[in-house]
Each structure stands twice: as structure tokens, then as C-alpha cells.
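Architecture at a glance
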Amino acid sequence: MTSSTFLRVIATCVVRTIPPLWLWQLREGGSIVTTLSGWMLGSGLIRLVLDDKGTAHGRFVTDQASYMLARPHERPPRPTFYAHPGSTRDSWVSPDLLDDLTGLFVAQLGAPSAELVRTGGSLALVDAATGSQAWTEPDGIGWTVHQDGPLRLWDQLEDALDAWQKAGSPDRTAFGMTVTEWDQTVWWGDPAGPCRRLPT
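Here we summarise the structure given alongside this text.

Cut-off values and rules
Residues numbered from 1 in each chain as written. Predicted model: local features only at pLDDT ≥ 70, side-chain atom pairs only at ≥ 80, totals over all residues. Heavy atoms only, no water. 1 Å grid on protein atoms, 1.4 Å probe; cavity = no way out; pocket = protein on both sides within 12 Å on 5 of 7 lines; lining within 4 Å. Points joined across faces, edges and corners; volume = space filled by probe spheres on them. Nonpolar A, V, L, I, M, F, W, Y, C, P; charged D, E, K, R; others polar. Buried < 20%, exposed > 50% of the residue type's maximum accessible area, 1.4 Å probe, protein only. Helix = DSSP H or I, 4+ residues; strand = E, 2+ residues; numbered from the N terminus. Pairing = 2+ DSSP bridges. Phe/Tyr/Trp six-rings, centres within 6.5 Å; stacked < 30°, edge-to-face > 60°. Lys NZ or Arg CZ within 6 Å of the ring centre and 35° of its normal. Salt bridge = Lys/Arg side-chain N within 4 Å of Asp/Glu carboxyl O.

1. Concerning empty space enclosed by the protein
- Evaluated as defined, the whole model comprises 1 cavity of 30 Å³ or more.
- Taken as a whole, the largest cavity encloses approximately 100 Å³ of empty space.
- Considered class by class, the residues forming the lining of the largest cavity number 5 nonpolar, 3 polar and 2 charged.

2. Remarks on the pairing of strand β11 (residues 184-188)
- For β11, a buried count of 5 out of 5 residues is recorded, marking the element as mostly surrounded by other parts of the structure.
- Residue alternation in β11 divides its side chains into two sets, Q184, V186 and W188 and T185 and W187, and both sets are buried.
- Both strand β10 (residues 175-179) and β11 contribute to a ladder of 5 bridges, which runs antiparallel. Each bridged residue has a counterpart across the sheet, and for T178 the counterpart in β11 is T185.
- In sequence, β10 turns back onto β11 through a hairpin of 4 residues.
- Direction of pairing for β11 relative to strand β12 (residues 195-197): antiparallel, over a ladder of 3 bridges. In the sheet register, T185 faces β12, and the bridge partner there is R197.
- Once β11 ends, the chain turns through 6 residues before running back antiparallel as β12, passing G189 with a positive phi of about 90°.

3. Describing the packing of aromatic side chains
- As enumerated under the stated definition, the model contains 3 aromatic pairs in all.
- Residues F60 and F105 carry aromatic rings whose centres are separated by 5.2 Å and whose planes lie at 70° to one another, so their mutual orientation is edge-to-face. Of this pair, F60 sits in strand β4 (residues 56-60) while F105 sits in helix α2 (residues 101-110); the two residues are 45 residues apart in sequence, bridging distant segments of the chain.
- Residue classification places F60 among the buried residues on the basis of a relative accessible area of 2%.
- Judged by its relative accessible area of 1%, F105 falls in the buried class.
- Measuring from centroid to centroid gives 5.2 Å for F175 and W188, while their planes differ by 50°, and the two rings are tilted. Highlighted residues: F175 in strand β10 and W188 in strand β11, separated in sequence by 13 residues. Like W188, F175 is buried.
- Ring-pair connections join several aromatic residues into one group, and the members of that group are F60, F105, F175 and W188.
- The aromatic ring of W39 is capped on one face by R16, whose charged end is 3.7 Å from the ring centroid.
- In this structure, R89 is placed above the aromatic ring of W92, and the distance from its NZ or CZ to the ring centre is 4.9 Å.

4. Brief notes about the pattern of salt bridges
- Tallied over the full model, the rule gives 7 salt bridges.
- Among the salt bridges present, the one from E115 reaches R75, with a minimum N-O distance of 3.5 Å. Of this pair, E115 sits in strand β6 (residues 115-119) while R75 sits in the loop between β4 and β5 (87-90), placing them 40 residues apart in sequence.
- R75 gets classed as partly exposed once you look at its relative accessible area, which sits at 31%.
- Salt bridges sharing partners connect three or more residues here, namely R89, D155 and E158.

Honestly, that's just the spatial picture; any functional story needs more than this.
Okay, here's the thing in C-alpha cells:
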């Protein structure tokens, strides 16, 4: 590790993951304050503190801060969205959950490579790298989801939202994060509770 020189790192941009360089330049007991987001733009402000083992821990706070994504964390370019029929089934969750800021944040943890696209009365998830997509439409009594490509994006989203709802749908202050040089996880409840690994 490089010599640690800073007591605080305060980022005025949004990141998908914590750059390891921030840890390397932080003193023991130092803090990182940043907004964590992703390509669905579900964000949360977090304060992390570095311990004596080089691991940063912290919880998300109630305050909101909105910035642009850092350039290396920007979404990849993608072509115009054209819905593919794919495989079709009933959705287990309502897309309306993504109108809730914490619901959107949780959905993004479940499908971290997906970009959210709103199309009229429905919404779609698109993964630019693989071409995978999932899109919803109302069916009169609920919602139908269509999925196409190697990633089952809606399945990933549903798994995360289902776990969140079973935990009582807590707000973002119930979530925390553990960051090392090689691994980053967002958890809720406590560090030993349900967690999602962030892409690195």
C-alpha cells in the first residue's frame, strides 16, 4: 500500500464502487464520504471509516446528495432499445416498487449491470455488454415480464426485492457497506446479514 496521507476523502461525484486508491491514501480512522449509485441511478450517501486492518465500514445516511457519475463509472453506450419478446411470465413484483428510492436502490443491487429504461407505461432493464433485456407490461391484473439474452435481469431484480420486502422493506439507513482492496459488499441489518457484492 502507498503511504496514507488523508484523514478524509469527500467525493463530489457518484461512484459504482469505491476506488481502491481512496483506501490506500487514507489514514487509519479516516473516513470516506461519497454517493454510491449505479446505472439504474438508485443512489445512497454513505460514510465509511477505515479500520486498522485496511477495511472500511459504514452505513448509509438519510441525507441525499446528487452528483454526476465519475467518468470511469459512466454507463457504456447502448443502441436504441427495441423490445424482444423473449420468454414471458408473470412478474412476482410490481415495477411500481422502482418508484420508491430505496426500492430502486435494492433493485440495482440485484441487477448491477442493468440500465433502467422507461418506455411509456412500462419499464425495461438493459445490459449493454451482453444485450440482455427484460421489459414489463400490464396484463389487467398484474404485470407480465419478457426476458431475453444470457442474463435473466428481472429474476435478479426480483430476488433482491423479495429479500428486502421479507426484511420489512427498511429504508437506506438500514443498509451498510464493507470495503476491502479486493471485495465490496452492501448489506442490510448488520454485516453478517443479507448482502450483495458490487461489481469490481
